[in-house]
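Chain by chain, the residues:
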Amino acid sequence: MKKIHIYEPAMCCSTGLCGPSIDPELLRMSFVMNNLKKTDIEAERFNLTNEPNAFVENEAINQLLMSEGMDALPATFVDGELLCKGKYPTNEQFSHWSGLSEEELLQKPKVRLSLKGDA
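Residues numbered from 1 in each chain as written. Predicted model: local features only at pLDDT ≥ 70, side-chain atom pairs only at ≥ 80, totals over all residues. Heavy atoms only, no water.

## Some points on the overall build of the chain
We count it as follows: Runs of H or I in DSSP of at least four residues are treated as helices and runs of E of at least two as strands, each being numbered from the N terminus. Burial classes: relative accessible area under 20% of the type maximum marks a residue as buried, over 50% as exposed, and values in between as partly exposed (1.4 Å probe, protein chains only). The contact definition used throughout considers only heavy atoms, calling two residues in contact when any of these lie within 4.5 Å. For the area figures, the Shrake-Rupley method with a 1.4 Å probe applies, and any residue is considered shielded solely by the protein chains shown.
A tally of regular secondary structure across the chain gives five helices and four strands. Seen in sequence order, the chain has helices and strands lined up from the N terminus as β-α-β-α-α-β-β-α-α. Within the chain, the fraction of its 119 residues that count as buried is 37%. A sequence separation of at least 24 residues applies to 57% of the contacts in the chain between residues at least 6 apart. In the form shown here, the chain has an accessible surface area of approximately 7,700 Å², with 53% of it arising from carbon and sulfur atoms.

Structure representation (C-alpha cells):
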C-alpha cells in the first residue's frame, strides 16, 4: 500500500473554510486527499496544531524542521521519502504518485439531499 503523508504548519482547520476567505489551495488538498482515501493509498495530513505528536514521532520531519525550520512546511512524504517541501504537491505530482487522473483527484464529493415532508 502506497503512503502519502503531508505535514502541515499550524492552522485552525485543514479546509481553509474557517478564515475570512477560502484558501483555494487548502480546499484543493481536501479534495485530493479525500479522493486518494477512496483507493488503496494511505493518504494523511498532519496539522502541527492538532497532531504535534506526529511531528515528534517522525524522525525525518523532525530533522527537516530542525535544519530548515517552518518554511519547509508543508512537507510531503511518499512511502517515507521526502518528495515535496515548502509547498503542496501539484495535481500532476499526485497523479504520478497515485495513478489517478487529475480529474479523479479533484472530483468533488457528491452531495445527497434528503427531503423530508412536513405535514
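## Observations regarding the sheet that holds strand β1 (residues 3-8)
Definition in use: Note on pairing: DSSP must find at least two bridges between two strands before they are called paired. To define axes, lines are fitted to C-alpha atoms, for helices over the stretch in contact only, and angles between the resulting N-to-C directions are given on a 0 to 180 degree scale.
Here four strands make up an open sheet; going across it, the order is β2-β1-β3-β4 and the pairing mixed. Here the strands that pair on one side only, and so sit at the sheet edges, are β2 (42-47) and β4 (81-85). Taken over all neighbouring pairs, the strand axes of this sheet differ in orientation by 20 degrees on average, direction set aside. Taken together, the four bridges between strand β3 (residues 75-78) and β4 define a ladder with antiparallel strand orientation. Directly across from Phe-77, in β4, lies its bridge partner Leu-82.

## Concerning the pairing of β3
Of the two faces of β3, both are covered, the one formed by Ala-75 and Phe-77 as well as the one formed by Thr-76 and Val-78. Inspection of the sheet shows β1 paired to β3 by four bridges, in the antiparallel sense. Counted as the bridge partner of Tyr-7 is Ala-75 from β3. Taking the residues between adjacent antiparallel strands as the criterion, β3 and β4 are bridged by two residues, where Asp-79 takes a positive phi near 50 degrees.

## Brief notes about the packing of aromatic side chains
Filter applied, for reference: Working definition: rings of Phe, Tyr and Trp (its six-membered ring) pair if their centres are within 6.5 Å, and the pair is stacked with planes under 30 degrees apart, edge-to-face with planes over 60 apart, and tilted otherwise.
Here the structure, examined in full by the defined rule, presents four aromatic pairs. With a centroid separation of 4.9 Å and 25 degrees between ring planes, the pair formed by Tyr-7 and Phe-46 is classed as stacked. Here Phe-46 lies in strand β2 and Tyr-7 lies in strand β1, a separation of 39 residues in the sequence. Across the pair, Phe-46 and Tyr-7 agree in class, each one buried.

## Observations concerning helix α3 (residues 59-68)
Basically, it comes down to this: By arc we mean the arc of the directions from the helix axis to the C-beta atoms, nothing more. Pairs of N or O atoms are called polar contacts if they sit within 3.5 Å, as long as, within protein, a hydrogen donor faces a hydrogen acceptor (for residues adjacent in sequence, only side-chain-to-side-chain pairs).
What α3 keeps buried is the set Ile-61, Leu-64 and Leu-65. For α3, the angular spread of the buried residues around the axis is 95 degrees, confining them to a single face. Residues of α3 that are exposed and point more than 90 degrees away from the buried face comprise Glu-59, Gln-63, Met-66 and Ser-67. In this structure, the buried residues of α3 make contact with β1, α2 (52-57), β3 and β4. Residue Asn-58 occupies the N-cap position of α3, its side-chain oxygen lying 2.9 Å from the main-chain nitrogen of Ala-60.

## What to know about the pattern of salt bridges
To be explicit about the condition: Each salt bridge in this description consists of a side-chain nitrogen of Lys or Arg and a carboxyl oxygen of Asp or Glu lying within 4 Å of one another.
Following the criterion strictly, the structure yields four salt bridges and no others. In this structure, Arg-45 and Glu-8 form a salt bridge, with 2.6 Å as the shortest nitrogen-oxygen distance. Highlighted residues: Arg-45 in strand β2 and Glu-8 in strand β1, separated in sequence by 37 residues. The salt bridge involving Arg-28 is made with Glu-25; its shortest N-O contact spans 2.8 Å. Taken together, the residues span about one helical turn, with Arg-28 and Glu-25 both in helix α1 (residues 24-37) at a distance of three residues. By relative accessible area, Glu-25 is classed as partly exposed at 30%.

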